Amino acid sequence: MTASVQSIPKPVTIPTLSTSACPASTTCWVGLTSNRLYLLEGAPGAGKTTIALQFLLEGARLKESVLYVTLSETEQELMGVARSHRWNMEGIEVRDAAFPGHVATGRAIHDVPASEVELSRQLGIEILADVDVIKPTRIVFDSLSELRLLAGSSLRYRRQILALKQFFAGRQCTVLLLDDMTAMEHDLQVQSIAHAVLRLEQMSSDYGVARRRLVVTKYRGRQFRGGYHDYKINRGGLQVFPRLVAAEHVEPDLRAPADIASGIDALDDLLGGGIDRGTSTLFVGAPGTGKSTLAMQFAIAAARRGERSAAFVFDESIGTVRARCRSMGMDLAPYLASGLITIRQVDPAELSPVNSFMRYARPSPQAGHRS
Ligand SMILES: Nc1ncnc2c1ncn2[C@@H]1O[C@H](COP(=O)(O)OP(=O)(O)O)[C@@H](O)[C@H]1O
Ligand SMILES: [Mg+2]
């Protein structure tokens, strides 16, 4: 019974992926159930090491004992990554298993239980002997491709991962396995063993920045937001933009029918009072027919009523928009200064759709944007 009480796990958080990044009341990613084994997979450069370091940094911040086992990068390279993000690695133990000579177990070999020696020998790394000394509550193995190569056959590899899971099961430790998917064929051995699987992808298109996205492909006993979530890697770590669900963004007051007038009487008469609040209206016309000017007219009319508007311009500079409005007798300056009108220039090549939405369209703490 004691075991079952102990095993009620507290979620292990990675701040960058936790609920705070999601719109209220959604569960895109709620942290990791503690004392389980997780798989984080993605091609080289996708951001696995970055997430893994953030996972351990959070543990170190909470004064937990944490261990990074690096099998492909040297400790210096890892420290270089941390420095580039300005992270303080104090409290994070690093073991460079790529160079076993560097392993310091702190224990004489006869103190190490035979089972650990055997598993370490099977895995081809001597690191496990350190685990009972360090007693980590969070551990990262970066990456599995080395273990897979050392195992030789897929059956042996699966057995070793199972043994690794078994080894940590009784040790109150959350394990993060990184896989750079460099195996010739994408096997599902570890996916089937892991408690949850998170995949990172990056795509380069013909133009613009590389698009990065992550997907939770499996999470035992947990409801999560499926589908792809965009993310960016900045200095300081990952920023995730959870997939948007339109139904979560309905504001009750928008359901009340109301007209948004343009302030041009003839046009408003023609529209039966204006365009309907809470709906989308498309202005279509050849270049130069006045679509942008008409849109700004709506924004100015709203600002005169004290309502806030946001304009996103894709193909003109903000200066051009302002100059054109000024030349037509519509001075935007006072409304821009008071914040009643916001104009953002968007370079679609630099932002992914969810990224741009999250950046610009966060609910305003003051009166909401109306048009
Ligand atoms: N300090 C930094 N600032 C911004 N982006 C960075 C920084 N460091 C790394 N990156 C980005 O993160 C990517 C590598 O992330 P990393 O976690 O090392 O990937 P992986 O472990 O999956 O190979 C780099 O290709 C780079 O685009
Ligand atoms: Mg890496």
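Up top is the structure these notes are about.
What counts, and at which threshold
Every chain's residues receive numbers from 1 upward, in the order its sequence appears when written. Chains carry letters from A onward and ligands carry numbers from 1 onward, assigned in written order. This being a predicted model, a pLDDT of at least 70 is required before a residue's local features are given, and a value of 80 or more before pairs of side-chain atoms are given or counted; all residues contribute to the totals for chains, interfaces and linings. Helix and strand labels come from DSSP, where a helix needs a run of H or I of at least four residues and a strand needs a run of E of at least two; each type is numbered from the N terminus. For every residue pair, C-beta atoms are placed from the backbone, and the pair is scored as a contact if these atoms sit within 7 Å. Note on burial: count the other C-beta atoms lying within 10 Å of the residue's C-beta; 20 or more is buried, 12 or fewer is exposed, in between is partly exposed, and C-beta positions come from the backbone. Here a strand pair is declared whenever DSSP counts at least two bridges between the two strands. Between N-to-C directions, angles span 0 to 180 degrees; the directions come from axes that are lines fitted to C-alpha atoms, helices contributing only their stretch in contact. Contact assignment follows one rule, namely that a residue is near a molecule or strand if its backbone-placed C-beta atom lies within 6 Å of it. Residue polarity is assigned by list, with Asp, Glu, Lys and Arg as charged and Ala, Val, Leu, Ile, Met, Phe, Trp, Tyr, Cys and Pro as nonpolar; anything else, Gly included, falls into the polar class. By definition, a nonpolar core groups buried Ala, Val, Leu, Ile, Met, Phe, Trp, Tyr and Cys residues that connect through C-beta atoms lying within 7 Å of each other. To estimate how far a helix should extend, the number of its residues minus one is multiplied by 1.5 Å. Along the arc lie the directions from the helix axis toward the C-beta atoms. A crossover gets the label right-handed when its path from the first strand over the helix to the second runs clockwise, viewed with the strands pointing away from the viewer.

Here we take up the overall build of the protein. When helices and strands are counted, the protein shows 13 helices and 15 strands. Sequence separation of at least 24 residues holds for 69% of the intrachain contacts in the protein that already meet a minimum separation of 6.

In this structure, Gly339 sits in the loop between helix H12 (333–338) and strand E15 (341–345). Its 11 C-beta neighbours within 10 Å are what place Gly339 among the exposed residues. Separated by 36 residues in the primary sequence, Gly339 and Ala303 have C-alpha atoms spaced 9.3 Å apart.

Time to look at the sheet that holds strand E3 (residues 37–42). A sheet is described by the order of its strands in space; here nine strands give the open sequence E5-E4-E6-E7-E3-E8-E9-E10-E11, paired in mixed fashion. One side of each edge strand has no neighbouring strand; the edge strands of this open sheet are strand E5 (92–96) and strand E11 (237–241). Between one strand axis and the next, the sheet turns through 25° on average, direction left out of account. Judged from the five bridges that link them, strand E4 (residues 66–70) and E5 form a sheet pairing that is parallel. From the neighbouring strand, Val66 faces E5, where its bridge partner is Ile92. Across the face of the sheet, helix H2 (residues 48–61) comes into contact with E3, E4, E5, strand E6 (138–142), strand E7 (174–179), strand E8 (196–203), strand E10 (228–234) and E11 while running at roughly 160° to E6.

A few words now on the site of ligand 1. Within the structure, ligand 1 sits among 14 residues, and Lys48, Thr49, Thr50, Ser84 and Arg235 are positioned closest to it. Looking at the shell around ligand 1, the elements that each hand over two or more residues are H2, helix H3 (75–84) and E10. Of the residues assigned to the shell around ligand 1, the class counts are four nonpolar, eight polar and two charged.

Turning our attention to the nonpolar core. Among the nonpolar cores identified, the biggest contains 53 residues, and Tyr38, Ala52, Leu56, Val69, Val140, Leu176 and Leu177 are the most heavily contacted of them. In terms of residue count, H2 provides more of this core than any other element does, six residues in total. Setting aside residues no more than four positions away along its own chain, Ala52 makes contact with Leu40, Val140, Asp142, Leu176 and Leu178. Within the second largest apolar cluster, 12 residues are counted, among which are Ile260, Met296, Leu332 and Ile343.

With 14 residues, helix H10 (residues 291–304) extends 20 Å between its outermost C-alpha atoms, agreeing within 8% with the 20 Å of an ideal straight helix rising 1.5 Å per residue. Along H10, the residues that are buried comprise Met296, Phe298, Ala299, Ala302 and Ala303. All buried residues of H10 lie within an arc of 150° about the axis, which places them on one face of the element. Its buried side turned inward, H10 meets strand E12 (259–260), strand E14 (309–313), helix H11 (318–327), H12 and E15. Following H10 by one or two positions, Gly306 adopts a phi angle in the positive range, close to 85°.

Where a strand is regular, its side chains alternate between the two sheet faces. Here E4 lies mainly inside the structure; five of its five residues are buried. Burial along E4 is two-sided: Val66, Tyr68 and Thr70 and Leu67 and Val69, pointing in opposite directions, are all buried. Handedness of the β-α-β unit built from E4, H3 and E5 comes out right-handed. With five bridges joining them, E4 and E6 adopt parallel strand pairing. Paired with Val66 across the two strands is Arg138, which belongs to E6.

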